[in-house]
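Topology and contacts: notes
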Amino acid sequence: MAEKVKEKIKEKSRVISQEKIAGDVYSMWLDSEQITEHAKPGQFISVFSRDGSRLLPRPISICEVNKEKKALRIVYRVVGKGTDEFSGLGEGDQIEIMGPLGNGFPLDRMEEGRKAFLIGGGIGIPPMVQLAKELKGEKQAIVGYRDELFLTGELNTYAEVYIATEDGSAGTKGNVLDAIKENGLTADVIYACGPTPMLRALKSYAEENGIECWLSLEERMACGIGACLACVCQSKELDEHSQVHNKRICKDGPVFLSTEIDL
Ligand SMILES: Cc1cc2nc3c(=O)[nH]c(=O)nc-3n(C[C@H](O)[C@H](O)[C@H](O)COP(=O)(O)OP(=O)(O)OC[C@H]3O[C@@H](n4cnc5c(N)ncnc54)[C@H](O)[C@@H]3O)c2cc1C
Ligand code: FES
């Protein structure tokens, strides 16, 4: 069952399956007639709590879509009450979702012969799976973890995978830039999602090396549809409507060209 909310689709979805894939990280497949149909890599959904005291939905990236099965996957870390509630859902439970939200990663930047880095840090890794599936050309996925790995198998199906871990338990000891340097990797386009310090370092790296770089920001949000201005970031250009140097991450993003934003 679906209704349109300000051109976004709000669906009553059912949980197809849910499993714990690392410490506090869960993977959930949801049935979704319409959001799945329109979803693009890098977009997200708003997941509503069933507890009336938590009115604001939680934004979670689309990790994978299966159009034939009309199903979408989210992978999330339990950090508070909303995500804790979601982790308790099981097969057949109903949950309200809205989406697909945001702009997503541009897929048309990979002209003949161009190479891409798909960079994910921690819970910024999930959107890289659908991106790796849909992006054409040579793809190198560089993924950074604190310790325990997740989603490396899925990424490995579509891209060459390089791992960095803070504790050195797998791959390069250090961060994603250390893995790039250690393996002598190069690219023409960067697509990245992860914690702000990682995105800031990638923005400098890309600009110093003249690499086109698309960053997905995961700011705290409220409405998720561009109405409340809870999620603005500093932009280089003046916003057409408000005439200030701000962009709404939920509507104008979450993906921005690194040179368009200040981090
Ligand atoms: C576009 C977008 C995509 C996202 N995709 C994913 C995803 O694929 N997987 C995933 O696990 N998480 C993702 N997040 C973050 C996720 O929305 C939050 O972790 C979630 O809303 C927390 O809800 P909660 O009720 O469990 O925690 P709350 O009780 O709301 O917060 C618990 C703690 O988490 C911090 N927190 C809450 N939201 C954020 C945020 N957006 N960024 C950083 N810290 C936050 C709070 O400051 C607090 O310390 C995404 C966020 C955005 C904006
Ligand atoms: S969360 Fe309301 S404008 Fe972005």
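The structure displayed is predicted, hence computed values, not measured ones.

This next bit is on the site of ligand 1. Looking at ligand 1, there are 18 residues lining it, with Arg 58, Pro 59, Arg 77, Thr 83 and Arg 220 nearest. Contacts to ligand 1 include Ser 61, whose backbone N or O atom sits 3.0 Å from a nitrogen atom. At 3.2 Å from a nitrogen atom of ligand 1 is found a main-chain nitrogen or oxygen belonging to Glu 218. Bound to the protein, ligand 1 loses 75% of the 890 Å² it would expose on its own.

Put simply, the protein has an average pLDDT of 92, and 97% of its residues get 70 or more. Here residues 1-6 is modelled with pLDDT under 50, and outside its nearest four sequence neighbours on either side it reaches 13 contacts, counting other chains as well.

With that out of the way, let us pick up the packing of aromatic side chains. Throughout the structure, instances matching the rule amount to four aromatic pairs. Ring centres 5.9 Å apart and planes at 20° place the aromatic pair Tyr 26 and Tyr 76 in the stacked group. You can see Tyr 26 sitting in strand 3 (residues 25-31) and its partner Tyr 76 sitting in strand 7 (residues 71-77), a full 50 residues away along the chain. Take Tyr 26: its relative accessible area is 16%, and that puts it in the buried class. With centroids separated by 6.4 Å and ring planes inclined at 85°, the aromatic side chains of Tyr 76 and Phe 86 adopt a geometry described as edge-to-face. Placement of the pair is Tyr 76 in strand 7 and Phe 86 in helix 2 (residues 81-87), with a sequence separation of 10 residues. Each member of the pair, Tyr 76 as well as Phe 86, is classed as buried.

Let us look at the domain arrangement of the protein. You can read the domains of the protein as domain 1 (9-101) and domain 2 (115-257). Tallying the contact residues gives 21 residues for domain 1 and 23 residues for domain 2. Both faces combined, the contact of domain 1 with domain 2 buries some 1900 Å², and carbon together with sulfur accounts for 62% of it. Inspection of the region where domain 1 meets domain 2 yields two salt bridges.

Right, let's talk about the UniProt feature "binding site: FAD" (unreviewed entry) in the protein for a bit. Mapped onto the present numbering, the UniProt feature "binding site: FAD" (unreviewed entry) falls at Arg 58, Pro 59, Ile 60, Ser 61, Val 75, Tyr 76, Arg 77, Gly 82 and Thr 83. With respect to the helices and strands, Arg 58 occurs in strand 5 (residues 58-61). Ignoring any residue separated from it by four or fewer positions in sequence, one finds Arg 58 in contact with Ile 45, Ser 46, Val 47, Gly 82 and Phe 86. A polar side-chain atom of Arg 58 sits 2.7 Å from the main-chain carbonyl oxygen of Leu 56. Relative to the assigned elements, Thr 83 resides in helix 2. A polar side-chain atom of Thr 83 sits 3.2 Å from the main-chain amide nitrogen of Gly 80.

Those residues carrying the UniProt feature "binding site: [2Fe-2S] cluster" (unreviewed entry) are Cys 223, Cys 228, Cys 231 and Cys 250 in this numbering. Look at the named residues: they lie 28 residues apart in sequence, but the longest C-alpha span between them is just 10.1 Å, so in the fold they bunch up. Its location among the elements puts Cys 231 in the loop between strand 14 (212-216) and strand 15 (232-234). Beyond its immediate chain neighbours, meaning those up to four positions away, Cys 231 contacts Glu 219, Arg 220, Met 221, Lys 247, Arg 248, Ile 249 and Cys 250. If you trace the backbone, Cys 250 turns up in the loop between strand 16 (246-248) and strand 17 (255-257). Assessed through its relative accessible area of 3%, Cys 250 is described here as buried. Among all residues touching Cys 250, those that are not within four sequence positions of it are Phe 44, Gly 102, Met 221, Gly 224, Ile 225, Gly 226 and Cys 231.

Reading the values: rules and limits
Residues numbered from 1 in each chain as written. Chains lettered and ligands numbered in written order. Predicted model: local features only at pLDDT ≥ 70, side-chain atom pairs only at ≥ 80, totals over all residues. Heavy atoms only, no water. Near = heavy atom within 4 Å. Polar contact = N/O pair within 3.5 Å; in protein donor to acceptor, adjacent residues only side chain to side chain. Areas by Shrake-Rupley, 256 points an atom, 1.4 Å probe, with all protein chains shown as cover. pLDDT = per-residue confidence, 0-100. Contact = heavy atoms within 4.5 Å. Phe/Tyr/Trp six-rings, centres within 6.5 Å; stacked < 30°, edge-to-face > 60°. Helix = DSSP H or I, 4+ residues; strand = E, 2+ residues; numbered from the N terminus. Buried < 20%, exposed > 50% of the residue type's maximum accessible area, 1.4 Å probe, protein only. Domains from an automatic or database assignment. Buried area = accessible area lost by both parts, 1.4 Å probe. Salt bridge = Lys/Arg side-chain N within 4 Å of Asp/Glu carboxyl O. UniProt positions renumbered as here; feature names shortened; annotations may be inferred.

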